[in-house]
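# A structural walkthrough
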Amino acid sequence: MPTSANIEDGADAAFVASPPPFGAGVADLYQALLVPILFEPYALEMAIVAERSKPVSVLEVAAGTGALTRALRAKLDPAAEIVATDLSQAMIDVGAPSVTMSRTHWMHADAQDLPFAPLMFDLVVCQFGVMFFPDKPKAYHEAKRVLRSGGRLLFSTWDSLAANDFARCVDECLTGLFPSDPPDFLGRLPYSYFDPSLIKAEVSSAGFEAVSCERLELASIAATSQDVATAFCRGTPLSGEIEWRAPERMSEIVDEVAERVASRYGARPCGSMSALVVSGRAP
C-alpha cells in the first residue's frame, strides 16, 4: 500500500485542471444501472486476463464505482494488493463501500499525474477510462513509470457507436429529438477511441513492448428499456447535456428513449456491445 511519502507534488493541481465528468447524483445511477448493463460483463473478462500474469501489486486507474475492482478482488490471489483510484470523489464515495476486503485501497488520483513512486506495481489496469484522459500518451507514460520491469498495462476502450447497440440507439434517438444541436457526449468521449492502429502506436510510444489490441464482443442485457434509457440519459454526463437543452423535458426524453430501445430490442432488451482490450509489457 502506498504511503504519504510516495505522493508527489502537483497532483492536486491536476485534479483542478481536469474536473471529473461524473457528479454525485450521476455516480449513484451509474452504479445502479449502467454498471450491470455495460460494465460487469467486461469486468469479468478483464479480471480473467489480469489474473494470467499473477500480479501481486495492482493499480487500477479510473476505477469508477468499482466494477472491475470487485471482479479483480474475486479473481486475484487474496494476497494481492489492489489500489483503486479515480479522479471523481463522487465515484469513489459510491464504489469504496462495495469493496471492503483487506488489501484493497481507494485513492483520489489522476491517471495523467499518478501520486506514486516508480516501480511500485506489477499491473496497471483500467476499464473504459482511457477515453476520458485529455492526454492519453501522458497517462501511458505514467503507467510505465510506476510499473516494474515486466509489469503489464491492461485496459479496455469501447468500440465505435456503430458496434454498440444500446449506445447507438440512445444517440440516434437524442439526435432526432435535438436535430439542430444534438447532445454528443457518447460519440465525443466514451465511444471515440477505437482505432487499433492509433491505440497501439500511442501505447508503444510510451515505451511498452508486445502491444496487443483485441476486439471483444459481448451481450448487454437489461431488465427493462426504461433502465437502459435512464442509465444513459441520467447516469452519464449526457444528463447535463440534456438538461442544458431542455431542463423541463428530462422525464419525457427518457421515456422517448426507452420507447425507442424497446421497439428495437424488446421489453427485456438484449443488444450487442463491442470493446477493444489492449495490453502492453513494460521492458
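Residues numbered from 1 in each chain as written. Predicted model: local features only at pLDDT ≥ 70, side-chain atom pairs only at ≥ 80, totals over all residues. Heavy atoms only, no water.

### Some words on unusual backbone geometry
You will see that A62, though not glycine, has its phi angle at about 50°, which is positive. With respect to the helices and strands, the residue A62 is situated in the loop between β1 (57-60) and α3 (67-75). (Helix = DSSP H or I, 4+ residues; strand = E, 2+ residues; numbered from the N terminus.)

### Points about the nonpolar core
Formed by 90 residues in total, the largest nonpolar core has its most connected members in W158, F208 and F232. Among the elements that take part in this core, helix α2 (residues 24-51) stands out by supplying 13 residues, more than any other. In contact with F232, not counting residues within four places along its chain, are L34, L38, F166, A167, V170, L186, Y191 and L238. If you look at the next biggest cluster of nonpolar residues, it comprises five residues, including A63, I92, V99 and W106. (Core = buried A, V, L, I, M, F, W, Y, C linked by side-chain atoms within 4.5 Å. Buried < 20%, exposed > 50% of the residue type's maximum accessible area, 1.4 Å probe, protein only. Contact = heavy atoms within 4.5 Å.)

### A closer look at the sheet that holds β1
Reading across the sheet, the seven strands line up as β3-β2-β1-β4-β5-β7-β6 and stay open at both edges, with mixed pairing between neighbours. Unpaired on one side and paired on the other, β3 (104-108) and β6 (209-221) mark the two borders of the sheet. When the angles between neighbouring strand axes are averaged without regard to direction, this sheet yields 20°. The pairing of strand β4 (residues 121-127) with strand β5 (residues 147-158) spans six bridges and is classified as parallel. Bridge pairing in β5 places L123 opposite R152. (Pairing = 2+ DSSP bridges. Axes fitted to C-alpha atoms, helices over the stretch in contact; angles between N-to-C directions.)

### What about the side chain of T157?
Positionally, T157 belongs in strand β5. Given the relative accessible area of 0%, T157 is considered buried. In this structure the side chain of T157 is engaged in a polar contact, spanning 2.8 Å, whose partner is the backbone oxygen of Y193. Discounting chain neighbours no more than four positions away, the residues touching T157 are F128, V130, M131, Y193, I199, A275 and L276. (Polar contact = N/O pair within 3.5 Å; in protein donor to acceptor, adjacent residues only side chain to side chain.)

### A word on the environment of V277
One can find V277 in strand β7 (residues 270-281). Linking V277 and A163, residues 114 residues apart in sequence, is a C-alpha distance of 15 Å.

### Some words on helix α8 (residues 196-205)
Along α8, the residues that are buried comprise I199, E202 and V203. Down the axis of α8, the sector holding all buried residues measures 95°, keeping them to one side. The N-capping residue of α8, defined by a side-chain oxygen 3.0 Å from the backbone nitrogen of S197, is D195. Phi turns positive, to about 105°, at G207, one or two residues after α8. (Arc of directions from axis to C-beta.)

### What about empty space enclosed by the protein?
For the coordinates displayed, the defined rule picks out one cavity of 30 Å³ or more. Estimates place the volume of the largest cavity at around 80 Å³. In this structure, the largest cavity is lined by V61, A111, L114, V124, C126, V130, F133, A139, Y140, A143, L153 and F155. Secondary structure elements with two or more residues in the lining of the largest cavity: β4, α5 (136-146) and β5. With three residues, the single largest contributor to the lining of the largest cavity is α5. Looking at side-chain class alone, the lining of the largest cavity contains 12 nonpolar, no polar and no charged residues. (1 Å grid on protein atoms, 1.4 Å probe; cavity = no way out; pocket = protein on both sides within 12 Å on 5 of 7 lines; lining within 4 Å. Points joined across faces, edges and corners; volume = space filled by probe spheres on them. Nonpolar A, V, L, I, M, F, W, Y, C, P; charged D, E, K, R; others polar.)

### Notes on the state of the cysteines
Scanning all chains against the criterion turns up zero disulfides. Summary of cysteine pairing: C173 is not part of a disulfide, and the nearest cysteine sulfur, belonging to C169, is at 6.6 Å. Take C173: its relative accessible area is 4%, and that puts it in the buried class. There is no disulfide at C213, and the cysteine sulfur nearest it, in C126, is 14 Å away. (Disulfide = S-S within 2.5 Å.)

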